[in-house]
Amino acid sequence: MNLALWLDRHARTDPARTAVFVGAAPWKSFGVLAADAAGLARGMCGKLGLAPGDRVALVMKNAPQYAEVMLAAWWAGLAAVPVNAKLHPREVAYILEDSGAKAVFATPDWISGLAEAVAGMPRAPDVIEAGSVGYDALLSEPMPVAQVPDDALAWLFYTSGTTGRPKGAMLTHANLRAMAQGYLTDVDTVTPADCLLHAAPMSHGSGLYLVPYLLAGAAQVIPESGGFDPAEVFALCGAHRGVGMFAAPTIVRRMVEHAAAHGPALGGLRTVVYGGGPMYVADLLRALEVMGPRFAQIYGQGESPMTITALSRRFVNDREHPRHLARIAAVGLPQSGVEVTVRGESGRDLPPGEVGEVCVRGAVVMAGYWGNAEATAKALRDGWLWTGDLGAFDAEGFLTLKDRSKDLIISGGSNIYPREVEEVLLAHPGVAEVSVVGRADPEWGEVVVAFVVAGEPAPTAAELDALCLGALARFKRPKEYRFVAGLPKNNYGKVLKTALRAMLE
């Protein structure tokens, strides 16, 4: 089933209701959005010569046309290739060439960068500026929604590539349908009266969240800035009602800081779903204190988008439960549409309490990596996606992530999970951010090093050492504390531990 059918259905039953807002102002109703997406779809096929299955890249900051182009591509039976708008033109060029994209839609800020990116390509794709005269000229007589099989490619998502060339995770219409249904079942309830605020990049999690909100008939809200600004976000939460949004932990922290300093009205903000990186317990407790019971968590990957486990508001807000702190340190319970297990090196399932690699199977798991049979065979084995994440179930069925397998520190033959140390260090009021990595050591194999961004009051190494010795086994405490002005991060706000290890070398 083509996901664009959901837009078509809402356009028929409720054509006048606003589908997309720019800031507080309506941009297009469901009826107009469907007609224009259908017209753009015909233009993609007729004027650009695209055929079902061809790839259409979106190199765009958040803009109302993002939703329109993505839906038009699906309407025509094409596949969307979302590209992080913060990448370098050379990185964009790799994605365009690897995916074989035949057309690229871009916001004005990327037109010159794309000229650099496509220069020298033997078959350069057509480049269309969103909202331009050329964009409008593509609009043609609306075409019917293309019939596609469930396994047709819908979203070709390229991983962040922090450990090498990014890989394109192939997500089908069936994958995204299962993702949307899982979201509405396990994460949050959405009604047509609600809306999704795209403050995080639509090339990543926020763009995927468009799908369950489309299924529910809810509106999309695009900030006028095209990105995240805490003052703008809270102003939009005052202008709209039933606001949901996806936020990486770095965005949550900035929202909490702004809310604590300025006390904005929060009545319109319904749900903040956090994910995409570790949310430390201290940060979540602070968020609950300042912003109230509005938070839920998802754990997923580009290869199993949004849909491995979920920690609903019910569990996040149950502060009276004796295991509340342990529960909010976890990433939740397996979602309804998937099976999740933790496996050891031998491939056998491990009992609660034992740490192994998190594996998942279900209708949401990707079809494989685009043009990369070797990586596909490594990730998809025996019908399961091997995530590369290390975790453990507790007796209640909550999954706690330890770290990526590549970030595990082995010192003197003992395993040390960086997040465990980071949680302890963040309990110091003078630690703003911290990241723990291993450094090669001739005696122990590896020793623990903590990179610390100091706040107020700035901690001393002796204070942090005492804190660790009071909460951790002696062998887990950092052997060195490096105080830095900031932590290196990728374009989605994830700390680049590879860069920290390179600093040590």
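Values in this document were obtained by computation on a predicted structure and should not be read as measured data.

Colleague: Even after reading the chapter, I still don't get the packing of helix H3 (residues 64–75) against helix H8 (residues 205–216), so can you show me in this structure?
Modeller: The description of two helices packed together rests on the angle between their axes and the distance between the axes. Running from N to C, H3 and H8 cross one another at 70 degrees; their axes reach a closest spacing of 11 Å. On the basis of the axis angle, H3 is roughly perpendicular to H8. At the point where H3 passes H8, the crossing takes the right-handed sense. Of the residues in H8, those in contact with Ala-67, Met-70, Leu-71 and Trp-74 of H3 are Gly-207, Leu-210, Val-211 and Leu-214. A breakdown of the residues in the contact of H3 with H8 according to their chemical character gives seven nonpolar, one polar and no charged.

Colleague: Help me out: how do you make sense of the nonpolar core in this one?
Modeller: Side chains of nonpolar character tend, in soluble globular proteins, to be buried together. Counting 126 residues, the largest nonpolar core has Trp-74, Trp-75, Phe-105, Met-255 and Phe-295 as the members making the most contacts within it. Looking at this core, the element that brings in the most residues is H3, giving nine residues. Those residues within four positions of Phe-105 in sequence are excluded, and the remaining contacts are Leu-40, Met-44, Leu-48, Val-56, Ala-57, Leu-58, Val-59, Met-60, Val-69, Ile-128, Tyr-135 and Leu-138. Of all hydrophobic cores here, the second largest spans 22 residues; its members include Ala-79, Leu-87, Ala-101 and Leu-156.

Colleague: Explain the packing of aromatic side chains to me, please; I cannot follow it from the model alone.
Modeller: The relation between two aromatic rings is expressed through the spacing of the ring centres and the mutual angle of the planes. Within this structure, the stated rule accounts for five aromatic pairs. When the centroid spacing of 6.2 Å and the interplanar angle of 50 degrees are considered together, the rings of Tyr-183 and Tyr-213 count as tilted. Placement of the pair is Tyr-183 in helix H7 (residues 173–187) and Tyr-213 in helix H8, with a sequence separation of 30 residues. Assigned by exposure class, Tyr-183 and Tyr-213 land together as buried. Centre to centre, the rings of Tyr-209 and Phe-246 are 5.1 Å apart; their planes meet at 50 degrees, and the pair counts as tilted.

Colleague: So what exactly am I meant to see when it comes to helix H9 (residues 230–239) here?
Modeller: The α-helix winds at 3.6 residues per turn, so residues separated by three or four positions along the chain end up facing the same way. Among the residues of H9, Pro-230, Glu-232, Val-233, Phe-234, Leu-236 and Cys-237 are the ones counted as buried. Tucked into the core, H9 has its buried residues touching strand E9 (195–197), strand E10 (219–222), strand E11 (243–247), helix H10 (249–262), strand E12 (269–274) and helix H11 (281–291).

Colleague: What is the right way to read the sheet that holds E10 from this model?
Modeller: Two pairing modes exist for strands in a sheet, parallel and antiparallel, and in both the strands are linked by backbone hydrogen bonds. Spatial strand order, E2-E1-E10-E9-E11-E12-E13-E14-E15: nine strands in an open sheet with mixed pairing. One side of each edge strand has no neighbouring strand; the edge strands of this open sheet are strand E2 (25–29) and strand E15 (333–334). Taken together, the four bridges between strand E13 (residues 295–301) and strand E14 (residues 304–311) define a ladder with antiparallel strand orientation. Note that in E14 the partner of Gln-297 across the bridge is Leu-311. Of the strands in this sheet, E12 and E13 are in contact with H11, which crosses E13 at around 140 degrees.

Calculation rules
- Residues numbered from 1 in each chain as written.
- Predicted model: local features only at pLDDT ≥ 70, side-chain atom pairs only at ≥ 80, totals over all residues.
- Heavy atoms only, no water.
- Axes fitted to C-alpha atoms, helices over the stretch in contact; angles between N-to-C directions.
- Helix = DSSP H or I, 4+ residues; strand = E, 2+ residues; numbered from the N terminus.
- Parallel < 35°, antiparallel > 145°, perpendicular 65-115°, else oblique.
- Left-handed = near helix turned anticlockwise from the far one by under 90°.
- Contact = heavy atoms within 4.5 Å.
- Nonpolar A, V, L, I, M, F, W, Y, C, P; charged D, E, K, R; others polar.
- Core = buried A, V, L, I, M, F, W, Y, C linked by side-chain atoms within 4.5 Å.
- Buried < 20%, exposed > 50% of the residue type's maximum accessible area, 1.4 Å probe, protein only.
- Phe/Tyr/Trp six-rings, centres within 6.5 Å; stacked < 30°, edge-to-face > 60°.
- Pairing = 2+ DSSP bridges.

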